[in-house]
Each structure stands twice: as C-alpha cells, then as structure tokens.
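Residues per chain, in single letters:
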Amino acid sequence: MESGVIRDSGKRAPHPLFGDEHEQLRDSIDRWVREEIAPNVDAWEEAREFPRELYSRAGELGFLGLKYPAELGGQGGDAAHDAVWAEELAAAGASGGVGAGLGAHTGIATPPVFNFGTPDQHERFLRPAIKGERIAALGITEPGAGSDVASIRTYARRVEGGYVVNGSKTFITNGVRADFLVCAVKTTEAGGHHGISFLILEREMPGYEVTRKLEKMGWHSSDTGELSFTDVEVPEENLLGSENGGFHLIMANFAWERLLMSLGAVGGMRRLIDATVSYALEREAFGRAIGHFQVIRHKVAEMATKMEASRALTYQTLRRYAAGEDVIREVAMTKLFTQRACVEVADECLQIHGGYGYMREYGIERAVRDARLGPIGGGTDEVMKEIVGKQLGL
Ligand SMILES: Cc1cc2nc3c(=O)[nH]c(=O)nc-3n(C[C@H](O)[C@H](O)[C@H](O)COP(=O)(O)OP(=O)(O)OC[C@H]3O[C@@H](n4cnc5c(N)ncnc54)[C@H](O)[C@@H]3O)c2cc1C
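Participant: Talk me through the overall build of the protein; I want residue IDs and the actual numbers.
Facilitator: Helix and strand counts for the protein stand at 12 helices and 10 strands. Over its C-alpha atoms the protein spans a radius of gyration of 22 Å, differing by no more than 12% from the 21 Å that the globule rule assigns to 394 residues. If you line up the protein on its principal axes, its C-alpha atoms span 80 × 45 × 40 Å. Taken across its 394 residues, the protein has 52% of its residues classed as buried. Considering only contacts in the protein between residues 6 or more positions apart, those separated by 24 or more positions represent 75%.

Here you go:
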C-alpha cells in the first residue's frame, strides 16, 4: 500500500439491474472474448473482416438470442442480458469492429424483426439469425439522408402481391455479407414521417447489389457496405410492421441502439483505464513509475470519474427503459455523454502510453480510432442535443 493512502477493498453491492445469472453471463462472455476473439483481433483488422463463422459460434453459445424467447431458439432473457453482452464485448477487448459486426446483428437488425415481425418472419429470419446462420443488417442511411432520416428516397412502389424497390443505402454495418436487410423505404411518393415502411430485402433477390465495401478510419474488421436496389421485387410477406408505420419503428430501434452504444462505451472505458493504470505502474521515467507523477494520477482520476458517471447514467436510463418509461430525453443525454467521454478517455490513455500508445501493438491507437465513431453513429452529438433541447421545450 502507498504511504498515507488507504485503498478501499473494491467490494461493491451488485447493481439492482443485474442478478447472479447476469453476472455468470458476464463471466462467460469475458472468457469467450479473451480466449477466442482478442488474440485474433489484429489479424482480422488487417484482413478487414472477421470470419463469418464467428456468428455461428456466438449462436452456438447462445449469445445471439439472449433476450428472445426459447420458442424461437433464444435464451428467454431480458434487456439486462443484452446489456451485459454489449458492455462485456467491449470490456473484454473484442475490438470496435467485431463489436459492431455482432452488435448490428443482435442489437439493431434483429430487434425490429422480433418486435414487429409476423410468426412467419420470425421463422424465416429471426430463428436462423439467432443460430448465426443468416446474418442481418439494418439499412436506414442513404447517400442523401443520414441525420434527416425522414428524407430517405429509396422507394417501394406498390404492385400486386408486394413492392418493387429502387434506391440505395450507404454506411450499412454488415452490409456486404448480410443475408437479409431490414430496410427503410418510402411507400408514398412524398415519403416523410408518415410515408416510411420497412421491408426485409434478401440478398438473393434479383436487383439487390452490394456496390462497395467502404474503407474506414476504424472498426476495420467490420464490413460497412453500400447497396443499390434496381427493380427489386419484394413480396408482401416481407413487409415488417404496418405500411407507412416505419418511422415509429425507427425511433423505437434508435432508443435501444443508443443504449447499447452507451454500454459499449462504458465497457471500452473500463478496459482502457485498467490497461493504462497497469502501464503507468510499470513504465518508469525520471526514476519512478509514471503513475506516481501527480499529473498522471489526476488524469486517471478524471477518467475513472467519467467512466463511473457514464456507467451510472447508462444503468439508470437502462433501468427506466426496461421498466417501460418514456426515456427519449434520457437516452439522448446518455448517448451524448458516454460517447464523448469514451473519445476523451481513449485519447488520454494514448497520451499516458506516450510513443507506445501510438504504436499498433498496444491496441490503444485502435481504440482511439474506434471510439471516434461514437459521436457520429446511431445519431450524431448534434442530433442528440437537438432532441434534448426540444424535449426541454426549446
Ligand atoms: C461506420 C459506420 C457504420 C454505420 N452503420 C449504419 C448502419 O448499420 N445502418 C444505418 O442505417 N446507418 C449506419 N451508419 C450511418 C450513421 O447512422 C450516420 O452516419 C449518422 O446518422 C449521421 O448521418 P450522416 O453521416 O449522413 O451525417 P449528416 O446527417 O450529413 O450530418 C453531417 C453533420 O451535420 C450535422 N447536422 C445534421 N443535422 C443537423 C441539425 N439538425 N443540427 C445541427 N447539426 C446537424 C451532423 O451532426 C454532422 O455533424 C453508420 C455510419 C458509420 C460511419
């Protein structure tokens, strides 16, 4: 123990959101990531993809259907189980790319199929997705419509027995290898909030084309695709939810996506701070461990405070969300705060690692690049502030 410093025992009462079952899940995700993912992350980043088999492996372990009912092949868990999945993937070091690829499948593409799908859609899409046999993606963003989702232009013209779709999507996580795309389309000429629907597009459908795999700043092992649709014939039974009711689906999905991103940021910060404290105790300069310089100690204290504040805010919003409360404002605040905190913490951790932080082998420079997506994806910081401001009556 350091002279004059009394450290607490580290014992904490369990958070009321999580019981023994959740803690066991936390341990098994941690073990899986450390044993089967973390050792391969650098190679997969280099290859610009992780193996497709990772989905079936995750499905085999039950991780792709944690909150879905057993009748559909899921684990029958709750929102807190999926929360543990999002946080621990990041905390155990799965990398932003693997987290995004698996997370887009479990966190944003399959939930609308479960929440709004018919029994037939559950069988055709959700059941194989839970097994990791069919990979899912969510397609909302277009070259001309990102933050302003209501202005999408992909148009699904009504024909007998279904729709004919023309248009394009961009920045779609899993877009290159997805077997099906939960896709936002206009179903009225005018579009807008009241003219959006969701169709499930399947990659074998004639006219469905992956036009580009995009190169990115980070998340290298995840695929991010650009897609185009030319006269794609989509049968009636692939309409998800009600016609022209898609804006509600988008908003419901965003809340969950933003919470999952917040949990990922909390997990990522935990990992980075732990690694940085260990480094600061080992690395010596001017005859002492750098962690014993007051400046470094204070940086770590600030980062740990940001992480704890992020965790407290995230868990509180998650608890209220799971209780069915209307938490639009809180979700936007949580996403805004946690993503910014994670960018700042990652950058400070890199600084404490000095030149080694800039080198690839420590993984810190990758964390900085991966974290930078947080204030953009799932709705930008500016959009979050708009939501909060409007919710406050401005
Ligand atoms: C790696 C990656 C993965 C992604 N995965 C998916 C996916 O799987 N599916 C999907 O559908 N989308 C995905 N996206 C898209 C993502 O959700 C959008 O990039 C994001 O919503 C922002 O849209 P945009 O990029 O078009 O930016 P724009 O909307 O063009 O915004 C540009 C700038 O203008 C600001 N701005 C816009 N409107 C306002 C306003 N009203 N007030 C103030 N400022 C404003 C923005 O904050 C931003 O700073 C992904 C993006 C990336 C980069």
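Right, picking up where we left off after that structure.
Participant: How would you summarise the site of the ligand if you had to cite specific residues and measurements?
Facilitator: Near the ligand you find 16 residues, and of these T141, S147, F171, T380 and E382 are the closest. Measuring from a nitrogen atom of the ligand, one finds a backbone N or O atom of L138 at 2.9 Å. One of the side-chain N or O atoms of S147 is found 2.6 Å from an oxygen atom in the ligand. When isolated, the ligand has an accessible area of 980 Å², and the protein chains bury 63% of it. Elements that contribute at least two residues to the shell around the ligand include exactly β1 (136-139) and β3 (162-173). Here the element with the most residues in the shell around the ligand is β3; it accounts for 3 residues. Taken together, the residues that form the shell around the ligand break down as 7 nonpolar, 7 polar and 2 charged.

Participant: Hey, could you go over the pattern of salt bridges for me, with residue numbers and the actual values?
Facilitator: Enumeration according to the criterion identifies 33 salt bridges in this entry. A salt bridge links R124 to E202; the shortest N-O distance between them is 3.8 Å. Residue R124 is located in helix α6 (residues 119-131), and its partner E202 is located in strand β5 (residues 196-202); the two are separated by 78 residues in the primary sequence. The partly exposed category is assigned to R124, whose relative accessible area is 27%. Between R158 and E243 there is a salt bridge, and its shortest N-O distance comes to 3.2 Å. Of the two residues, R158 is situated in strand β2 (residues 155-159) and E243 in the loop between β8 (239-240) and α7 (246-282); the sequence distance between them amounts to 85 residues. Judged by relative accessible area, which is 31%, E243 ranks as partly exposed. Taken together, the shared-partner salt bridges in this structure form one network comprising E23, R26, E87, E88 and R270.

Participant: Tell me about the packing of aromatic side chains, and name the residues and values.
Facilitator: One pass over the structure, following the stated rule, counts 12 aromatic pairs. When the centroid spacing of 6.5 Å and the interplanar angle of 50° are considered together, the rings of W44 and F50 count as tilted. F50 matches W44 in its accessibility class, with the two residues each being buried. A ring pair is formed by W256 and Y321, whose centres lie 5.4 Å apart and whose planes are at 15°; its orientation type is stacked. Here Y321 lies in helix α8 (residues 294-322) and W256 lies in helix α7, a separation of 65 residues in the sequence. Residue classification places W256 among the buried positions, given a relative accessible area of 4%. The exposure class of Y321 is partly exposed, given its relative accessible area of 26%. Through pairs of rings, three or more aromatic residues link up here, namely W32, F63 and W85. Above the face of the F50 ring, R177 is positioned so that its terminal group lies 4.6 Å from the ring centre. The ring of F254 carries R258 above its face, with NZ or CZ at 4.1 Å from the centroid.

Participant: Tell me what's going on with the pairing of strand β4 (residues 180-186), and back it up with residues and numbers.
Facilitator: Burial analysis of β4 places 7 of its 7 residues in the buried class, the great majority of the element. Burial of β4 is two-sided: the residues F180, V182, A184 and K186 facing one way and the residues L181, C183 and V185 facing the other way are all buried. Bridge analysis of β1 against β4 gives 4 bridges, and the strand direction is parallel. Counterpart to A137 in the pairing with β4 is L181.

Participant: Give a detailed account of empty space enclosed by the protein, specifying residues and quantitative values.
Facilitator: If you walk through the whole model with that rule in mind, you get 1 cavity of 30 Å³ or more. Empty space within the largest cavity amounts to approximately 40 Å³. Around the largest cavity, the lining residues are R48, K213, L214, E215, K216, H220 and S222. In terms of residue class, the lining of the largest cavity is made up of 1 nonpolar, 2 polar and 4 charged.

Participant: Before we move on, can you summarise the side chain of E365 with the specific residues and values?
Facilitator: Secondary-structure assignment places E365 in helix α11 (residues 364-371). Ignoring sequence-local partners within four residues, the contact set of E365 consists of L350, G357, Y358, M359 and R360.

Participant: Let's hear about the packing of helix α4 (residues 79-91) against α7: which residues, and what values?
Facilitator: With their axes 7 Å apart at the nearest point, α4 and α7 run at an angle of 40° to one another. Here α4 lies oblique to α7, going by the angle between them. Crossing geometry of α4 relative to α7 is assigned as right-handed. From α4, A79, D82, A83, A86, E87, E88, A90 and A91 reach across to α7, where they touch W256, L260, L263, G264, V266, G267, G268, R270 and R271.

Participant: Describe the nonpolar core, naming the residues involved and giving the relevant values.
Facilitator: Ranked by size, the top nonpolar core spans 36 residues in total, and within it W32, V33, I37, L54, W85, V98 and L102 carry the most contacts. Sorting the residues of this core by element identifies α1 (20-37), α2 (41-47), α3 (53-60), α4, α5 (95-116), α7 and α8 as the ones contributing at least two each. For this core, the element with the most residues is α4, which contributes 7 residues. Apart from residues no more than four positions distant in its own chain, W85 is found in contact with I29, W32, F63, L64, L66, L102 and T106. Membership of the second largest hydrophobic core comes to 28 residues, among which are V149, F198, F247 and I250.

Rules used in this analysis
- Residues numbered from 1 in each chain as written.
- Predicted model: local features only at pLDDT ≥ 70, side-chain atom pairs only at ≥ 80, totals over all residues.
- Heavy atoms only, no water.
- Helix = DSSP H or I, 4+ residues; strand = E, 2+ residues; numbered from the N terminus.
- Rg over C-alpha atoms; globule rule 2.2 N^0.38 Å.
- Buried < 20%, exposed > 50% of the residue type's maximum accessible area, 1.4 Å probe, protein only.
- Contact = heavy atoms within 4.5 Å.
- Near = heavy atom within 4 Å.
- Polar contact = N/O pair within 3.5 Å; in protein donor to acceptor, adjacent residues only side chain to side chain.
- Areas by Shrake-Rupley, 256 points an atom, 1.4 Å probe, with all protein chains shown as cover.
- Nonpolar A, V, L, I, M, F, W, Y, C, P; charged D, E, K, R; others polar.
- Salt bridge = Lys/Arg side-chain N within 4 Å of Asp/Glu carboxyl O.
- Phe/Tyr/Trp six-rings, centres within 6.5 Å; stacked < 30°, edge-to-face > 60°.
- Lys NZ or Arg CZ within 6 Å of the ring centre and 35° of its normal.
- Pairing = 2+ DSSP bridges.
- 1 Å grid on protein atoms, 1.4 Å probe; cavity = no way out; pocket = protein on both sides within 12 Å on 5 of 7 lines; lining within 4 Å.
- Points joined across faces, edges and corners; volume = space filled by probe spheres on them.
- Axes fitted to C-alpha atoms, helices over the stretch in contact; angles between N-to-C directions.
- Parallel < 35°, antiparallel > 145°, perpendicular 65-115°, else oblique.
- Left-handed = near helix turned anticlockwise from the far one by under 90°.
- Core = buried A, V, L, I, M, F, W, Y, C linked by side-chain atoms within 4.5 Å.

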